[in-house]
Amino acid sequence: MERLTTFAPRAPGRWQIGTVSAIRRETPRVKTFRIELPMWMPHLPGQHYDVRLTALDGYTAQRSYSVASSPLDEGGVELTIDRLDEGEVSTYFHDVVVEGDQVEVRGPFASYFVWRGESPALLVGGGSGVVPLMAMLRHKRRTTPGSTMRLVYSVRTVEDVIYADELDGDALLTYTREAPDGWTGHTGRIDADLVATTGISSGTAFVCGSNAFVEAATELLVDVGFDAGAIRTERFGPTG
Amino acid sequence: MATFFSRGFGGRRRVAEEYADRLPPGQYVETGFPVLTAGVTPRIGDDDDWALTVDGMVAEPRSWTAGQFRALPFEAIHTDLHCVTKWSKFDTTFRGVSLDVLLDEVEPLGAFAMAHSHGGYTTNLPVEDLVDGRAWIVTEFEGEPLPRAHGGPVRLLVPHLYLWKSAKWVAGLRIMDHDEPGFWEANGYHNRGDPWREERYWND
Ligand SMILES: Cc1cc2nc3c(=O)[nH]c(=O)nc-3n(C[C@H](O)[C@H](O)[C@H](O)COP(=O)(O)OP(=O)(O)OC[C@H]3O[C@@H](n4cnc5c(N)ncnc54)[C@H](O)[C@@H]3O)c2cc1C
């Protein structure tokens, strides 16, 4: 078993130029980019990096992306990016970036939506909101496999499942639009029954997704008995 | 000066020139109004359920019930908003009471303030940033009661700093003789948060 994260988050890094060492297609709309960093430092699962793009005339665009990888994957970070059709930065990553390209990033940032070993922990994700939760799940599997952590993950269709081959017994899926043939699990929005299936009815909850998703999911968790003060959220803007 | 260029990046969301000087560095223009909150949206009950308190190192601590607050002089605020998550929103209109009015009544004796909210959120500000017509307690957005997700019924508005300083669901301000990090400031964000200086994170 590997060590649990022991560091405290330090003042975050300066802008640095990383190299894209691997690109993995997760779904038709989502890719994961592994970026090797000259000044890598361990993150807490749930933290994010900022990305800055600069055009030749000096125009820049910045966005934030959660780290998907465990801090035990040293030397780099994995960012999983959902392609928004009219988006500026996500389309650049999807349509332009190839392995070997350099990208400017800095991080890790923010130390609130982070897992520090809390058990039990319930993770609730919608769409690309699963990204920081996956960092938590991956880290937990490697450090404290005996602790209690479960992921409830809401997706539209089977095409939208990010990290599909890593979703094991500790992850529960629900399909909100169209379940695959032969699916016997949950369908429709996350509800009290599905939360009950996790066996976790109190403790810390991490909820991430679009704002509408986070609002609905947190209301539900409060209704089923979670303490509002123990629910942490991360919202990826208005879309989703 | 940027010395690094992103291969093949042209930039899509350029700001019209007339607005360019209103967009702080690193920001892009957003036309919606994204919601960003660390936890659960608190239920504050109906409109008359709240009060606002200013206490701590002041000559005259005070609390205003919703009714008393409504009797104070309201003004319209036309402003741009800047969120540390990179979006800026131009030309918003709020209505509220200037912090100058409230602070005049309590007479602050300390130079720092901690805003605190229902749900436990806090954020720190120098009193300097709250005076001279630059900060308000607002109850209306675009002619409507402030939506709950945006801090309704009542929030702080300090538009010259990143939005996390504009505490939603504000319950009061405590005036202090020393500075202390609030919720986000303790969690990696800059102590002051000036968008024009890109004070986003701890060592910016
Ligand atoms: C802490 C944090 C962590 C995040 N983590 C992740 C993550 O792990 N994965 C991830 O995919 N995302 C994540 N996000 C969201 C991410 O930062 C970006 O917001 C997202 O990738 C969209 O950026 P973009 O530049 O592609 O789109 P933008 O250019 O910002 O546009 C966003 C949307 O608004 C619409 N839009 C905006 N302006 C216009 C306009 N002028 N005309 C028409 N349409 C417009 C576009 O249709 C687009 O869909 C995170 C956000 C935060 C705050």
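Before reading on, note that the structure itself is shown above.
Numbering of residues begins from 1 in every chain and follows the order in which that chain's sequence is written. Lettering of chains starts at A and numbering of ligands starts at 1, both following the order in which they are written. Residues qualify for local features only when their pLDDT is at least 70, as the model is predicted, and side-chain atom pairs are given and counted only at 80 or more; totals for whole chains, interfaces and linings, by contrast, use all residues. The side-chain values count all of the structure's non-hydrogen atoms but skip hydrogen atoms and water molecules.

Caption draft 1: Local environment of helix α3 (residues 99-106) of chain B. All names here are of chain B. Along α3, the residues classified as buried are L99, L102, L103 and V106. Take α3 and look down its axis: the buried residues cluster within an arc of 95°, on one side only. Side-chain atoms alone can form a polar contact between residues adjacent in sequence; in general such a contact is a pair of N or O atoms within 3.5 Å, and within protein one must be able to donate a hydrogen while the other accepts it. Only runs of H or I of at least four residues qualify as helices and only runs of E of at least two qualify as strands under DSSP, and these elements are numbered from the N terminus. By the N-cap criterion, in which a side-chain oxygen at the helix start approaches the backbone nitrogen of a residue two or three places on, α3 is capped by S98, the distance to D100 being 3.0 Å. Backbone geometry just after α3 places E107 at a positive phi near 60°. Residue exposure (1.4 Å probe, protein chains only): buried if accessible area is under 20% of the type maximum, exposed if over 50%, otherwise partly exposed. Directions are taken from the helix axis to each C-beta atom, and the arc is the one they span.

Caption draft 2: Representation of the interface of chain B and chain A. Between two residues, a contact is recorded if the distance between any of their heavy atoms is within 4.5 Å. With 38 residues of chain B in contact, the opposing surface of chain A contributes 49 residues. Note on terms: buried area is the combined drop in 1.4 Å-probe accessible area of two parts once they are placed together, counting the loss on both. Among the residues chain B hides against chain A, the three largest losses belong to F4, R7 and F9 of chain B. Together they make up 19% of the total. Whenever Lys or Arg places a side-chain nitrogen within 4 Å of a carboxyl oxygen from Asp or Glu, that contact is recorded as a salt bridge. Our count for the chain B to chain A interface comes out at five salt bridges. In this structure, R7 of chain B engages D101 of chain A in a salt bridge whose closest nitrogen and oxygen atoms are separated by 2.7 Å. The interface formed by chain B and chain A holds 13 residue pairs in polar contact (both at pLDDT 80 or more) in total.

Caption draft 3: Fine view of the pattern of salt bridges. All names here are of chain A. Enumeration over the complete set of coordinates arrives at 29 salt bridges over all chains. The shortest N-O distance in the salt bridge between R83 and D95 comes to 2.8 Å. Of this pair, R83 sits in the loop between β5 (76-82) and α1 (89-95) while D95 is found in helix α1, placing the two residues 12 residues apart along the sequence. Members of the salt-bridge network, linked through shared partners, are R24, E26, R34, E36 and E78.

Caption draft 4: Molecular detail of the pairing of strand β3 (residues 62-65) of chain B. All names here are of chain B. Note: two strands are recorded as paired if DSSP finds a minimum of 2 bridges between them. When strand β2 (residues 51-56) meets β3, the two strands line up antiparallel, connected through four bridges. Bridge pairing links L52 to W64 in β3. Two successive antiparallel strands, β2 and β3, enclose a turn made up of five residues.

Caption draft 5: Structural detail: the nonpolar core. By size, the foremost hydrophobic cluster in this structure holds 42 residues, and its most contacted members are F69, L99, L102, L130, I137 and L156 of chain B. When contributions to this core are tallied by element, the ones reaching two or more residues are β2, α2 (66-70), α3, β6 (112-117), β11 (170-176) and α4 (183-186) of chain B. Per element, the largest residue contribution to this core is four residues, and it comes from α3 of chain B. In contact with L102 of chain B, other than residues within four places in its own chain, are L52, W64, F69, L72, V97 and I137 of chain B. Residues belong to one nonpolar core when they are buried, are Ala, Val, Leu, Ile, Met, Phe, Trp, Tyr or Cys, and are joined through side-chain atoms within 4.5 Å. Counting 25 residues, the second-largest nonpolar core is a separate cluster that includes W115, M149, L151 and L167 of chain A.

Caption draft 6: Region of the structure containing the sheet that holds strand β7 (residues 122-126) of chain B. Residues and elements named next belong to chain B. Here five strands make up an open sheet; going across it, the order is β3-β2-β11-β6-β7 and the pairing mixed. Unpaired on one side and paired on the other, β3 and β7 mark the two borders of the sheet. Ignoring which end each strand starts from, the neighbouring axes of this sheet average 15° apart. Relative to β7, β6 is paired through five bridges, and the arrangement is antiparallel. Note on β7: the bridge partner recorded for F112 is P126. Inter-axis angles, ranging from 0 to 180 degrees, are taken between N-to-C directions of lines fitted to C-alpha atoms, where helices are fitted over the stretch in contact. Along the sheet, α3 contacts β2, β3 and β11; its crossing angle with β3, the most-contacted strand, is approximately 135°.

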